[in-house]
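Okay, here's what each chain looks like letter by letter:
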Amino acid sequence: YNKWKMNYENEKKYEIEQLQEQLSSEKSTYESSLKKRIDEHQRTTKKLETSLEEERQNASNSEELVNKSVATISELTEKLRQSELLYNRYKDKTNAEVYGRDEATEQ
């Protein structure tokens, strides 16, 4: 009986060792796979963050361009208004001179 018991215990120890090795191997494979997935996720996250930052910068640049365009339009509108005022003054002065001469000629 003792011999049988020893054989049985040795078989069970061997089975346990085999299961522990298998479990260790599966654990290693799982950890490796998980690490790869985490690394890929981190790379994807980094790419998305970079892309988002680029989009924010583009939006900021676009907003800046719009603001500059609005300022330029306002500036040009003011210059046009000033040019119209100068033109009207010139026209009034020219008309006064022309009509003043005509009146003087008629007299």
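Residues numbered from 1 in each chain as written. Predicted model: local features only at pLDDT ≥ 70, side-chain atom pairs only at ≥ 80, totals over all residues. Heavy atoms only, no water.

A. Up close: the environment of Gln82. Within the fold, Gln82 resides in helix 1 (residues 2-106). By relative accessible area, Gln82 is classed as partly exposed at 40%. Remark: the alpha-carbon pair of Gln82 and Leu65, spanning 17 residues in sequence, is separated by 25 Å. (Helix = DSSP H or I, 4+ residues; strand = E, 2+ residues; numbered from the N terminus. Buried < 20%, exposed > 50% of the residue type's maximum accessible area, 1.4 Å probe, protein only.)

B. Summary view of the environment of Lys5. The topology assignment puts Lys5 in helix 1. Along the chain, Lys5 and Thr44 lie 39 residues apart, while their C-alpha atoms are 57 Å from each other.

C. Inspection of a nonpolar patch on the surface at higher detail. A cluster of nonpolar side chains, namely Tyr1, Trp4 and Tyr8, defines an oily patch on the protein surface of about 450 Å² accessible area. Its place among the elements puts Trp4 in helix 1. Trp4 sits in the exposed class, given a relative accessible area of 54%. (Patch = residues over 30% accessible without salt bridge, like charges linked within 9 Å, V, L, I, M, F, W, Y side chains within 5 Å. Areas by Shrake-Rupley, 256 points an atom, 1.4 Å probe, with all protein chains shown as cover. Salt bridge = Lys/Arg side-chain N within 4 Å of Asp/Glu carboxyl O.)

D. Local environment of the pattern of salt bridges. In the structure shown here, the tally under the stated rule is seven salt bridges. For Glu40, the salt bridge identified is with Arg43, shortest N-O distance 2.7 Å. With Glu40 and Arg43 both in helix 1 and three residues apart, the pair spans about one turn of that helix. By relative accessible area, Glu40 is classed as partly exposed at 39%. The exposure class assigned to Arg43 is partly exposed, which follows from its relative accessible area of 45%. Note that Lys79 and Glu75 form a salt bridge whose closest N and O atoms lie 3.5 Å from each other. Taken as a pair, Lys79 and Glu75 lie in helix 1 at a separation of four residues, close to a single helical turn. Assessed through its relative accessible area of 45%, Lys79 is described here as partly exposed.

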